[in-house]
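# Fold and geometry: a report
For reference, the chains in residue letters:
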Amino acid sequence: MSAATRATAIVADETSLLRTYRYVRLGIAGTVVVIAAAVGFAFAEVGLLDSISAYYYSPARNAFVGALIAASFGLFALSGRGVERNLLDAAALIGPLIALVPTPIFPGGIPGVVATCAGGVPCVPVEYRAGVDNDIATYLVVGLVAVVVALVIRRRQSLEWRQIAASVVLAVVVLAVVWSTWTFARAAFLDTAHYVATSAFFLVIAAVAVWNAFPHSGDPSWAQPSRAMAIANIAIAVGLVLDIIVLTAIVVGGGIPDAAVPPIFVCEFIALGLFLAFWLLQSMQKWHDPNPSLLGGLRRG
């Protein structure tokens, strides 16, 4: 194969990669649109619920769960480099828990939903727990398989341990925590896992936004942000952190009585909006990723 033919093949491959990463980033943003549409259609049947998460118990459930799983897969597929890779892998690992463990609800709080809870307090209804058990068992098995595959790939490609160490260790820790709490503290797991996973997920996305706000001169392939892009990333990160602080305070405090609009719904709406904004910005900032320096070198040559 001549040098010109090889160069053309490399450019074609890179162009394919460029398109793939663009579609994945836009697809992650699109999962918010899926959730919003599903909740909007379910609103006509069950009305305004206490939170977006509560629509798990409505006809929006399949779209809600599917969108969160798709977003998590997209985050894992994007991965990235260095710190960004570790953060995105963490988000991809936590994201499915938001979908698989529903938020606790009050008995009778959702029209048409039978919710058996001891003492009349909010809970994941007994009627749904067998499904949650199946989903968590599946999550643990798939997570373990992913760790094994990562180790096999490292061995076959002769990667250095430090290149995957953080992601593998984090995966093992998260899987161990999920398994142990699910096995030995099932009630506490069902009561708190959704909120903990939601908070952790959006805080990790905030960290990704901060990381993308700064130039990284040591990485020649890094899509250096403009000043406006950097400010926008920081604003999104700050917004997510403040939103999660408020959400946590509301959940721990038992909510805000007699609120015209459910405050948890508002906090989740804001978090999803900021998540959407971040991935739209990422699509703009990294439109020419991956490896733009290679493409530039080929064009100059």
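This one's a predicted model, so the numbers in the text were calculated from it and none came from an experiment.

Looking now at the overall build of the protein chain. Helices and strands together make up the secondary structure of the protein chain, namely 9 helices and 0 strands. Listing every helix and strand of the protein chain by position from the N terminus yields α-α-α-α-α-α-α-α-α. Across the 301 residues of the protein chain, 43% fall into the buried class. Look at the contacts in the protein chain between residues 6 or more apart in sequence, and 70% of them connect residues 24 or more apart. In the form shown here, the protein chain has an accessible surface area of approximately 15,300 Å², with 70% of it arising from carbon and sulfur atoms.

This brings us to the nonpolar core. With 79 residues, the main nonpolar core has I136, Y139, F201 and W279 as its most contacted residues. Elements with a contribution of two residues or more to this core: α1 (3–46), α2 (61–78), α3 (83–100), α4 (126–156), α5 (161–184), α6 (186–213), α7 (227–253) and α8 (263–285). Apart from the residues within four sequence positions on either side, W279 is in contact with R25, I28, A29, L75, L78 and L88.

As a further point, take the side chain of N212. For N212, the location among the structural elements is in helix α6. Note on N212: relative accessible area 0%, which makes it buried. At 2.8 Å, the side chain of N212 and the backbone oxygen of V208 are in polar contact.

As a packed pair, α2 and α3 sit with axes 8 Å apart at the nearest point and diverge in direction by 170°. Taken together, α2 and α3 sit at an angle that is classed as roughly antiparallel. For the pair formed by α2 and α3, the contact residues are F64, V65, L68, I69, S72, L75, F76 and L78 on the first element and L88, D89, A91, A92, G95, P96, I98, A99 and L100 on the second. For the contact of α2 with α3, the class distribution of residues is 14 nonpolar, 2 polar and 1 charged.

Moving on: the packing of aromatic side chains. Applying the stated criterion across every chain yields a total of 9 aromatic pairs. Arranged with centres 5.1 Å apart and planes meeting at 75°, the rings of F278 and W279 form a pair that is edge-to-face. Residue F278 is classed as buried on the basis of its relative accessible area, which comes to 0%. One aromatic cluster is present, built from ring pairs that chain together F201, F202, F275, F278 and W279.

Interaxial distance between α7 and α8 falls to 9 Å at its minimum, and their mutual angle equals 160°. When the axis of α7 is compared with that of α8, the two are roughly antiparallel. Note that α7 runs across α8; the crossing there is left-handed. Residues M229, A232, N233, I236, G239, L240, D243, V246, L247, I250 and V251 of α7 form the contact with α8, whose own contacting residues are P263, I264, C267, I270, A271, L274, A277, F278, L281, M284 and Q285. Its residues assigned to classes, the contact of α7 with α8 comprises 18 nonpolar, 3 polar and 1 charged.

The next subject is the state of the cysteines. A complete count under the given rule lists 1 disulfide for this structure. Shown here is the disulfide that connects C117 with C123, its sulfur atoms set 1.8 Å apart. Measuring handedness by torsion sign, the sulfur bridge of C117 and C123 sits at about -80° and is left-handed. Across this residue pair, the class does not change: C117 and C123 are buried.

On inspection of all chains with the given rule, the structure shows 1 salt bridge. Where D133 meets R186, a salt bridge forms, and the shortest distance between an N and an O atom there is 3.1 Å. Taken together, the residues D133 in helix α4 and R186 in helix α6 connect sequence positions 53 residues apart.

This part is about a nonpolar patch on the surface. Taken together, the side chains of L203, V210, F214, I234, V238, V241, L242 and I245 make up a nonpolar region of the molecular surface, amounting to roughly 640 Å² of accessible area. Where the nonpolar patch is concerned, the elements lending two or more residues are α6 and α7. Examining the composition of the nonpolar patch, we find that 5 residues originate from one element, α7, more than from any other. Assessed through its relative accessible area of 37%, L203 is described here as partly exposed.

Here we come to the environment of A176. You can see A176 is positioned in helix α5. Here the alpha-carbon distance between A176 and L140, two residues 36 residues apart in the chain, equals 8.8 Å.

What counts, and at which threshold
Counting restarts for each chain: residues are numbered from 1 in the order of the written sequence. Confidence filtering applies because this is a predicted model: local features only for residues at pLDDT of at least 70, side-chain atom pairs given and counted only at 80 or more, and all residues used for totals across whole chains, interfaces and linings. To get the side-chain values, take all heavy atoms of the structure and skip hydrogens and water. Put simply, DSSP H or I for four residues or longer makes a helix, DSSP E for two residues or longer makes a strand, and each gets a number counted from the N terminus. Summary of the burial criterion: residues with accessible area below 20% of their type's maximum are buried, those above 50% are exposed, and those between are partly exposed, where the area comes from a 1.4 Å probe applied to protein chains only. The criterion used for residue contact is that any of the two residues' heavy atoms lie within 4.5 Å. Throughout, the Shrake-Rupley method with a 1.4 Å probe supplies accessible areas, and for residues the shown protein chains are the sole cover considered. Each nonpolar core is a collection of buried residues, namely Ala, Val, Leu, Ile, Met, Phe, Trp, Tyr and Cys, held together in the definition by side-chain atoms within 4.5 Å. We call two N or O atoms a polar contact when they sit within 3.5 Å, provided that within protein one can donate a hydrogen and the other can accept it, with sequence-adjacent residues counted only if both atoms are side-chain atoms. To define axes, lines are fitted to C-alpha atoms, for helices over the stretch in contact only, and angles between the resulting N-to-C directions are given on a 0 to 180 degree scale. Our angle categories are set so that under 35 degrees counts as roughly parallel, over 145 as roughly antiparallel, 65 to 115 as roughly perpendicular, and the remainder as oblique. The residue classification treats Ala, Val, Leu, Ile, Met, Phe, Trp, Tyr, Cys and Pro as nonpolar and Asp, Glu, Lys and Arg as charged. All others, Gly included, are polar. Note on ring pairs: Phe, Tyr and Trp rings are taken, using the six-membered ring of Trp, and paired if centres are within 6.5 Å. Classes follow the plane angle, with under 30 degrees stacked, over 60 edge-to-face and the rest tilted. Each helix crossing is assigned a hand: it is left-handed if the near helix lies turned anticlockwise from the far helix by less than a right angle, otherwise right-handed if that turn is clockwise. The term disulfide is used for any two cysteine sulfur atoms that are within 2.5 Å. By convention in these notes, a salt bridge is any Lys or Arg side-chain nitrogen within 4 Å of a carboxyl oxygen on Asp or Glu. Residues forming no salt bridge and having over 30% relative accessible area are the ones grouped into patches, like charges within 9 Å of each other and nonpolar side chains (Val, Leu, Ile, Met, Phe, Trp, Tyr) within 5 Å.

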